[in-house]
Each structure stands twice: as structure tokens, then as C-alpha cells.
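# Structure at a glance
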Amino acid sequence: MKAICWHGPRDVRLDRVPDPTILDPGDAIVRVTATAICGSDLHLFDGVMPTMKTGDVLGHEAMGEVVEVGSAVTRLRKGDRVVVPFVIACGSCFFCKRGEHTGCDVSNPNAHIARELMGHSPAGLFGYSHMMGGFWGGQAQYLRVPFAEVGPVKIESGLRDEQVLFLSDIFPTGYFAAELCGIERGDTVAVWGCGPVGQMAIRSAWMLGAGRVVAIDRVPERLRMAEAGKAETINFEETRVYEQLMDLTRGRGPDRCIDAVGCEAHGLGSVDALMDKVKAAMMLTTDRAYVLREAIMCCRKFGTVSISGVYVGAVDKLPIGPAMNKGLTFRMGQTPVQRYLQPLLAKIEAGEFDPSFVVTHRLPLEQGPEAYKMFRDKQDGCIKVVLRP
Ligand code: NAD
Ligand code: ZN
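Every chain is numbered on its own, with residues counted from 1 as its sequence reads. Chains carry letters from A onward and ligands carry numbers from 1 onward, assigned in written order. Owing to the predicted nature of the model, reporting of local features is limited to residues with pLDDT of at least 70; listing and counting of side-chain atom pairs is limited to 80 or more, with chain, interface and lining totals taken over all residues.

## Examining the overall build of the protein
What counts is decided by this rule: Helix numbering and strand numbering both begin at the N terminus, where a helix is a DSSP run of H or I of at least 4 residues and a strand a DSSP run of E of at least 2. We compute the radius of gyration from the C-alpha atoms alone; for a globule the expected value is 2.2 Å times N to the 0.38, where N is the number of residues. Residues with at least 20 other C-beta atoms within 10 Å of their own are called buried, those with 12 or fewer are called exposed, and the rest are partly exposed. The C-beta atoms themselves are positioned from the backbone.
Counting secondary structure elements, the protein contains 13 helices and 19 strands. Taken over the C-alpha trace, the protein has a radius of gyration of 20 Å; the compact-globule value for 389 residues is 21 Å, and the two agree within 12%. For the C-alpha atoms alone, the extent of the protein along its principal axes is close to 60 × 50 × 45 Å. The proportion of buried residues among the 389 residues of the protein is 52%.

Here it is, written out as C-alpha cells:
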């Protein structure tokens, strides 16, 4: 089959690789009809995520048609149309039973590597390095889905691929980020980053009762899309974010702050310099929490900071003193997508929300390498790319 494969920093290619096969009775094979590139893929593309190997198939946002199931799979059958969450979870361990699927203790065969590098054992993730299990991803013609009894959500209505595809990650992620904030009716919510995750967080903040949403970025098209989502916007290249947020909130600061940027934040020099730092520090210390620091400084006393942006690295220099003095609450995490599949699908089916607004580019799988560059460099107004194998 054809697949988008990792060959090193800033080097992804369209390769021919063997078709996946059923390796475990709990597996399903999905013929991918639509798959997207995520901001998280950029950490792989930029080469800051360790334990990638040449030839790894990328991608963790995919959907398609079930073409084969293992003998233990009873919930799915050939021909079913499914969206596959980016998290691989067993469904029955301590964490899965609590709906904390990204903590699954069973699905990641390489959890010991992650423990050594990061001090904890995350669930398996599709297309996201060997310490996350080394599973091949969905930017390909076919995808092997382990624990298929637990993950994929069936789409039985006539919704288009683009309306449901983002259940795989960014819609639940934006929603989770907003939910973690504990928004109270009328709150002012500030969202750093107007990438796909930030866009979903803005809309979710409204769903959860925000009275006002302020979005921060520097890319004009992304700020415009945030405005279309009824957010007030701040261009961090034109204004000082702290002063502007204080002006907007009469000096108090936003009640809830969402970091939808993570370690690729602009403001600390080039990515290459950052990569050197990460390498030099052997994954132990990074100095890249620019947005998080700003969120801590801006958030009102006793407010909440929620983090969906990914930080690669184990220790970061954070202003814990101001955070403690302000009585802030922090909540964060890789999204336990499984928990949100049914409730968010219900919102889409009821016509309350259509996540497809975020798509700016549709390309064949073959153009994956160009698509990565375009999305990374925010060329041609690119906000979200959907690839069609
Ligand atoms: P993206 O790279 O398209 O978006 C990031 C945005 O942040 C860009 O628009 C960029 O211009 C903006 N930005 C950069 N520096 C900034 C600054 N100083 N202030 C404000 N904005 C700034 O990526 P995305 O797909 O939207 O993903 C965002 C983050 O969420 C990534 O770190 C990704 O890894 C993470 N993510 C987490 C989960 C999860 O489960 N928690 C899931 C998906 C993605
Ligand atoms: Zn993603």
C-alpha cells in the first residue's frame, strides 16, 4: 500500500509498504477514506520527538471502511464505516475503566521506553513513535486498529467524512481543553493558538458557557477563522498579549486560559535552536513553555489554566512561584478520546456543530509530503489538510 513515512527531521515521503494484516484477534483493518495532518505530527516532522525510526508510517487522525476483523471483534463487521480515535486503549484496565484512556496500562508494548524517557507509561498512539508503541499510522491506504472492540466509533448516518473525521482527535481535544477549564457561565476564556485545536477549543468554550472568548495567534487567516467563531482576537506580533488581556478584563485577567500551542511556540527563537536545546539536555530539560508562562502570568487569581498543547521533554522551567501565589488550577492531558466519541458525535448528528469548517485543503495521499510543509509553514492559508488515500 501507499503510506506517508518518516525519514528524519523535515523529511516525510510517500512510500510503498506492506499492507497491514490482522496480528491479534482484537484487530480490525480499515481502508482509509480520509486522514488528516495534526499539529502533533509537526513534533515528529520537526524531529523533536524521540524514538522515531526511518520508515515509520505517520498519522493518527483517520477514518474509513472496515475490511477485515479479528476473531475476537464482535462490535464491528466488514463494511462498517468508522472513525478511529488516535488513542489505542484496552478498555478494561484501571485507567480505561475510569475513562482515562490515554493512561491505558495495556495498549503500549513499549511503555517501559517511555517510562525511562519521560518517567511514566502512556497508552499506545497511532503513528506516534516507538515509545508510544510503534504502531503504524493512518496516513496510508490501510490501517491496522488494535483493540478494535474499544476504539472505533461507527458512523451510521449520512454525514460526510469531513464532518466526522475530527472526532479522531481535534474536536475531542478542543472540547477536553475547554472542559478541563471548568468554565462557569459568563467566564472570559483566553485561547492561545488558533490552529485546528485552538479553533475547536474556541467553539467548545462557547458550548460550555463562556461569556467571552479571546483568541491569540499571529497568522491572519487563523485569526479570521477565530473571529468567525465569535472570538475577539489578539495578534501577538502586533500587541503585547499581557497588556491587551488586562485591558480587555479591566486588569483582572481571563478566568480560564487554554494553551493550544505547546512546545512549538514562537517567541523563543527558531525551532532549530530549540531542537539543539532538547538534544543537548537529553530530553530532561526544555525551555520552551513560552505560551504556558504567558498563560500563567495572564490568568486571573484563582483561575484555571488548561493545557492541550504538547510539550516534548520531561522538565520545563515554569514560573511556579506566581502560579502558587495566584492560586491557579492546572489541568491538562492527552485527550482520552474514547470518552467523547458518542457525546460529540451526537452533537454533530443533531446539527449543533459541524467541525468541517476547519478544513482549508484537500489533497490526495500522494501529496502528503507537500502538505506537511504547507501546514508546518502555514503557507497558502493552510489551517487543516485532509488527505484522501
Ligand atoms: P498548529 O501548529 O497548527 O497550531 C498552533 C498555533 O499556535 C499556530 O497557529 C501558531 O501560529 C500558534 N502560536 C505559536 N506561537 C504562539 C504564541 N506565542 N502565542 C499564541 N499562538 C501561538 O497545531 P494544532 O493542530 O492546532 O495543535 C496545537 C497543539 O495541540 C500541538 O502542540 C499539538 O501537539 C497539540 N495536540 C494535543 C492533543 C492532546 O491530546 N492534548 C491532541 C492534538 C494536538
Ligand atoms: Zn492529532
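## As for the site of ligand 1
What counts here: What makes a residue near a molecule or strand is its C-beta atom, placed from the backbone, lying within 6 Å of it. Residues are grouped as follows: Ala, Val, Leu, Ile, Met, Phe, Trp, Tyr, Cys and Pro are nonpolar; Asp, Glu, Lys and Arg are charged; all remaining types, including Gly, are polar. Per the annotation, domain bounds derive from an automatic or database assignment of domains.
Around ligand 1 there are 35 residues in total, and Gly39, Gly193, Gly195, Gly262 and Val310 lie nearest to it. Broken down by secondary-structure element, the contributors of at least two residues to the shell around ligand 1 are α1 (39-45), α5 (170-180), α6 (196-207), β11 (212-217) and α10 (290-298). It is α1 that provides the largest number of residues to the shell around ligand 1, a total of four residues. Counted by class, the shell around ligand 1 contains 16 nonpolar, 14 polar and five charged residues. Both domains that meet at the shell around ligand 1, namely domain 1 (2-168 + 335-388) and domain 2 (171-332), each give it at least three residues.

## Notes on α10
Three or four residues apart is the spacing at which side chains of an α-helix point the same way, because the helix has 3.6 residues per turn. Filter applied, for reference: What counts as a contact here is a pair of residues whose C-beta atoms, placed from the backbone, lie within 7 Å.
Extensive coverage of α10 is indicated by the burial of eight of its nine residues. Among all positions in α10, only Tyr290, Val291, Leu292, Arg293, Glu294, Ala295, Ile296 and Cys298 are buried. Where α10 is buried, its residues contact β10 (188-192), α8 (241-248), β13 (256-259), β15 (304-307) and α11 (320-326).

## What about the domain arrangement of the protein?
Here the protein is partitioned into domain 1 (2-168 + 335-388) and domain 2 (171-332). Summarising the inter-unit geometry, the C-alpha centres of domain 1 and domain 2 are found 25 Å apart. Taken together, the contacts link 25 residues of domain 1 with 24 residues of domain 2. Only α1, α3 (111-118) and α12 (338-349) provide two or more residues apiece to the side of domain 1 that touches domain 2. Looking at which element gives the most residues to the side of domain 1 that touches domain 2, the answer is α1, with four residues. Broken down by class, the residue content of the side of domain 1 that touches domain 2 amounts to 15 nonpolar, seven polar and three charged.

## Quick word on unusual backbone geometry
Although it is not a glycine, Lys230 sits at a positive phi angle of roughly 65 degrees. With respect to the helices and strands, the residue Lys230 is situated in the loop between α7 (220-228) and β12 (232-235). Residue classification places Lys230 among the partly exposed positions, given that 14 C-beta atoms sit within 10 Å. Phi is positive for Asp380, close to 55 degrees, though the residue is something other than glycine. Structurally, Asp380 can be placed in the loop between α13 (368-376) and β19 (385-388). Among the residues examined, Asp380 registers 10 C-beta atoms within 10 Å and is labelled exposed.

## Concerning the sheet that holds β13
The cut-off we apply is this: In this description, strands pair whenever DSSP reports at least two bridges between them. The axes are straight lines fitted to the C-alpha atoms, using for helices just the contacting stretch, and the angles between their N-to-C directions are given from 0 to 180°.
Within the open sheet, the six strands sit side by side as β12-β11-β10-β13-β15-β17. Their pairing is parallel. Single-partner strands in this sheet number two, and they are β12 and β17 (329-332). In this sheet, neighbouring strand axes are inclined to one another by 20 degrees on average, regardless of whether the strands run parallel or antiparallel. Of the strand pairs in this sheet, β10 and β11 are connected by five bridges, and their pairing is parallel. By the bridge assignment for β11, Ala190 is matched with Val214.

## Focus: the packing of α8 against α10
Applied cut-off: Definitions for this section: a left-handed crossing has its near helix turned counterclockwise from the far helix by less than a right angle. A right-handed crossing has that turn clockwise.
Interhelical geometry of α8 versus α10 gives an angle of 30 degrees and a closest axis separation of 10 Å. Note on packing geometry: the crossing formed by α8 with α10 is right-handed. Contacts between α8 and α10 involve Val241, Tyr242 and Leu245 on the former and, on the latter, Glu294, Met297 and Cys298. Looking at the contact of α8 with α10 residue by residue, the class counts come to five nonpolar, no polar and one charged.

## As for the pairing of β13
Alternating residues of β13 divide into Arg256 and Ile258 and Cys257 and Asp259, and every residue in both groups is buried. Pairing geometry for β10 and β13, over four bridges, is parallel. Along β13, the bridge assignment pairs Trp192 with Asp259. Bridge count between β13 and β15: four bridges; the pairing is parallel. Note on β15: the bridge partner recorded for Arg256 is Thr304.

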